[in-house]
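# Understanding the architecture of this molecule
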2 protein chains.
Amino acid sequence: MTETGKKLRIAVDAMGGDHAPGEVVRGAVMAAEKEGVEIKLVGVPAAQDEIAKWNKSGLPVTLFPTDEYVQEGEPPAMVLRKKPKASVLLAAKMVRTGEADAVVSAGPTGSVMAAAMGVMGLIEGIERPVIGGPFVGFAPNSFVLDLGANVDSNPYHLLNFAVIGTVYVRRFLNIENPKVALLSVGSEEGKGNETVREAYSLFRKSGLNFIGNVEGMDLVSGKANVVVCDGFVGNILIKFSEGMGYAVNRWLKASFKGHVPDEKLEDLAGQLFTMTNIADKAGGGPILGANGVAIKAHGRSKADEIAKAINMAKWVVETNFVGELKAELARIKETIKPQP
Amino acid sequence: MTETGKKLRIAVDAMGGDHAPGEVVRGAVMAAEKEGVEIKLVGVPAAQDEIAKWNKSGLPVTLFPTDEYVQEGEPPAMVLRKKPKASVLLAAKMVRTGEADAVVSAGPTGSVMAAAMGVMGLIEGIERPVIGGPFVGFAPNSFVLDLGANVDSNPYHLLNFAVIGTVYVRRFLNIENPKVALLSVGSEEGKGNETVREAYSLFRKSGLNFIGNVEGMDLVSGKANVVVCDGFVGNILIKFSEGMGYAVNRWLKASFKGHVPDEKLEDLAGQLFTMTNIADKAGGGPILGANGVAIKAHGRSKADEIAKAINMAKWVVETNFVGELKAELARIKETIKPQP
């Protein structure tokens, strides 16, 4: 509920994700029930049947029909031009026009990013949106960004990421003064590639709680709360971690089979997967820097994860993340200058 | 033995590593016995006592005394100027002058690199030496380079690394036509940062067995035999993997304690550490691109690892790696042009 007692309205891209529209609709109905939100689904007319199937108790779940949607592999920039009525774009538009408080999509990352940037726009002072998250269970209080939205980031972009991460961690991990670090090849100031070396002095002047460089092992030890890297590095790291998580899981089951009861083993293998892998229990993450709340849910989301992503959207709206980010950006405006 | 029946002569930096000189001397004596090599130790005069302690059977192990050596944290470039008689430099010099066939040091990576570059020089066509290795046990046939010698590599450097990796894998992993890939954020040609995108077309023209881009998870799946990345990315990856290896090892022991017999658990934990971590069983790796054989042993090496590193030096000399690398470089000379 908002302060005025009105339900929050979440626009959901019914066509995004591996299990759309069935599981998306089911998850949306679950969220309408559990979280008390109003759902505005955007999808093909046939999705109405799915709504009828799951929404038996007359929850506020409505379909806004469209014939277009993004398919996996389509270049995001093309979508904006060639499919102006794509479900993800119409859902994002609802946020821009004030018809919805947030948008959720499990569609391809690029298309959700494009919808957030192209339709909702970016917060003033932000040049590129960014994706981040605590990505290893061993370090749940380390928020790493960028995880793949931007390759070839310049030092000013990295500072943008640091500000976004700081506000995020303060709000959602409840750490008042998050420790910020640059990911590099050594802890000393001179260590790193050109971009990191330049960013170092920018970070020092930023007024953020900058603790210097951290190294690869610190992603596991949790030395910093906000770890900043270029999206090229972040994307490779998160995919490496994911691959490792699956391999370790298989190895564990094969190696301990017969030594430990099956159920216990299954439980421990699941735990280890979380420790070595995406620490995300939210079902997705916000497109950070967008001028409004846009949540990218995992492509493989089933109903449960969709409901969690909708819950996250609600949470991000209620905590006024976007408003706080604007305020923090204004505060260090002098330091963050766009690249000359 | 060489073809003429003469023993291979290995120059060993007695002062390099966490356990120098004691464990280094002990490992060198072990190698003299097991591998039938002649050892030329370079270190402080007091190291003679260590030799006396371990070399009871009159093996060919000689001390070449010097008062200078590199300490952890000293800038490598400074060492060349300020400590011209540092043990690692004198040992490398023996290779240059023909007094030794290879040099082995467990000193800081930077100092061994500086010794290789500054004293032995680089192979023609190579602009920077590089460090590589199969770094995850799950993918023993994936050789990854650069693991940290060069940050800010340009596309030509990356091609250099690919050539070096190809020759290495052919020689030491016995794969005749190694599959070469660029590490990137997506498998399609256009994916990656500027350097990788430019390198893509260079690689395609190189005559190498280029299979395109691979992603983070492919470091675990072993899709390519030679995975090329900038040293900034490689260093972060290997340290992340190392940190993860230790954390998983601790987690495994704590979680399965009492469920599995201690000895069995210790064994499995050790196995998992190798699977998630440095796949290196050689005790170290060569400085690739140096005009001669220089082996960097792990800083934490004890006698066993020093002996393995010396064995590796012998192996690299005997397989004529440097000669083959020169030949391969000459073959694709037209493609590898230095940066304008």
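What comes next is a walk through the structure. This structure is a prediction, so every number in the text was calculated from the model and none was measured.

Conventions adopted
Residues numbered from 1 in each chain as written. Chains lettered and ligands numbered in written order. Predicted model: local features only at pLDDT ≥ 70, side-chain atom pairs only at ≥ 80, totals over all residues. Heavy atoms only, no water. Helix = DSSP H or I, 4+ residues; strand = E, 2+ residues; numbered from the N terminus. Buried < 20%, exposed > 50% of the residue type's maximum accessible area, 1.4 Å probe, protein only. Lys, Arg positive; Asp, Glu negative; His and termini not counted. Charge placed at Lys NZ, Arg CZ, Asp CG, Glu CD. Least-squares fit on C-alpha atoms with pLDDT ≥ 70 in both. Contact = heavy atoms within 4.5 Å. Axes fitted to C-alpha atoms, helices over the stretch in contact; angles between N-to-C directions. Parallel < 35°, antiparallel > 145°, perpendicular 65-115°, else oblique. Left-handed = near helix turned anticlockwise from the far one by under 90°. Nonpolar A, V, L, I, M, F, W, Y, C, P; charged D, E, K, R; others polar. Polar contact = N/O pair within 3.5 Å; in protein donor to acceptor, adjacent residues only side chain to side chain. Pairing = 2+ DSSP bridges.

Check the secondary structure of chain A and you find twelve helices and eleven strands. For chain A, the spread of C-alpha atoms along the three principal axes comes to 60 × 60 × 40 Å. Here chain A, with 340 residues, has 57% of them falling under the buried criterion. Charge centroids of chain A, computed over 38 positive and 39 negative side chains, lie 1 Å from each other.

Turning to the relation of the copies chain A and chain B, a few remarks are in order. When chain A is fitted to chain B, the best match, at an RMSD of 0.0 Å, comes from turning it 180° and sliding it 0.0 Å along the axis. Here the symmetry operator amounts to a two-fold rotation axis. By C-alpha distance to the rotation axis, the residue of chain A lying nearest is Val 233 of chain A, at 3.1 Å. Looking at the interface residues of chain A, 100% of them are also at the interface in chain B, so both copies use one shared face.

Moving on, we get to the packing of helix H9 (residues 231-256) of chain A against helix H9 (residues 231-256) of chain B. Packing of H9 of chain A against H9 of chain B leaves a shortest axis separation of 11 Å and a crossing angle of 30°. The pairing of H9 of chain A with H9 of chain B is recorded here as roughly parallel in orientation. The two elements H9 of chain A and H9 of chain B cross, and the hand of that crossing is right-handed. Two secondary-structure elements touch here, H9 of chain A through Phe 232, Val 233, Ile 236, Leu 237, Phe 240, Ser 241, Met 244, Trp 251, Leu 252 and Phe 256 of chain A and H9 of chain B through Phe 232, Val 233, Ile 236, Leu 237, Phe 240, Ser 241, Met 244, Trp 251, Leu 252 and Phe 256 of chain B. For the contact of H9 of chain A with H9 of chain B, a count of residues per class yields 18 nonpolar, two polar and no charged.

What follows is about the side chain of Ser 87 of chain B. All names here are of chain B. Residue placement: Ser 87 occurs in helix H4 (residues 87-96). Owing to a relative accessible area of 1%, Ser 87 belongs among the buried residues under this scheme. Among the polar contacts made by the side chain of Ser 87, one reaches the side chain of Asp 13 at a distance of 2.6 Å. With residues up to four places along the chain from it excluded, the contact list for Ser 87 reads Asp 13, Met 15, Val 42, Thr 66, Glu 68 and Tyr 69.

What follows concerns the side chain of Ser 153 of chain B. All names here are of chain B. If you trace the backbone, Ser 153 turns up in the loop between strand E6 (143-145) and helix H6 (155-172). Here Asn 150 takes part through its backbone oxygen, which lies 3.5 Å from a polar atom of the side chain of Ser 153. Of note is the side chain of Ser 153, whose polar atom sits 2.6 Å from the side chain of Asp 230. Once residues within four sequence positions are removed from consideration, Ser 153 is found in contact with Leu 158, Phe 161, Thr 195, Asp 230 and Gly 231.

Paired through backbone hydrogen bonds, the strands of a sheet run either parallel or antiparallel to each other. Residue and element names in this part refer to chain B. Spatial ordering of the open sheet is given by E3-E2-E1-E4-E11-E10, a layout of six strands whose pairing is mixed. Each edge of the open sheet is held by one strand with a lone partner, namely strand E3 (61-65) and strand E10 (284-286). Geometrically, the sheet is characterised by an average inter-axis angle of 25° between neighbouring strands, direction not taken into account. Across five bridges, strand E2 (residues 38-43) lies against E3 in parallel orientation. Looking at the pairing, Leu 41 lines up with Leu 63 of E3.

Attention now goes to the sheet that holds strand E10 (residues 284-286) of chain A. All names here are of chain A. Spatially, E3-E2-E1-E4-E11-E10 is the arrangement adopted by the six strands of the open sheet, whose pairing is mixed. A single partner strand is all that each edge strand has here, and the edge strands are strand E3 (61-65) and E10. Direction aside, neighbouring strands of the sheet carry axes that sit 25° apart on average. Running over the sheet, helix H2 (residues 47-54) touches strand E2 (38-43) and E3 and is turned about 175° from E3. Helix H5 (residues 109-120) rests against strand E4 (102-105) and strand E11 (293-297) of the sheet, and its axis sits at about 170° to E11.

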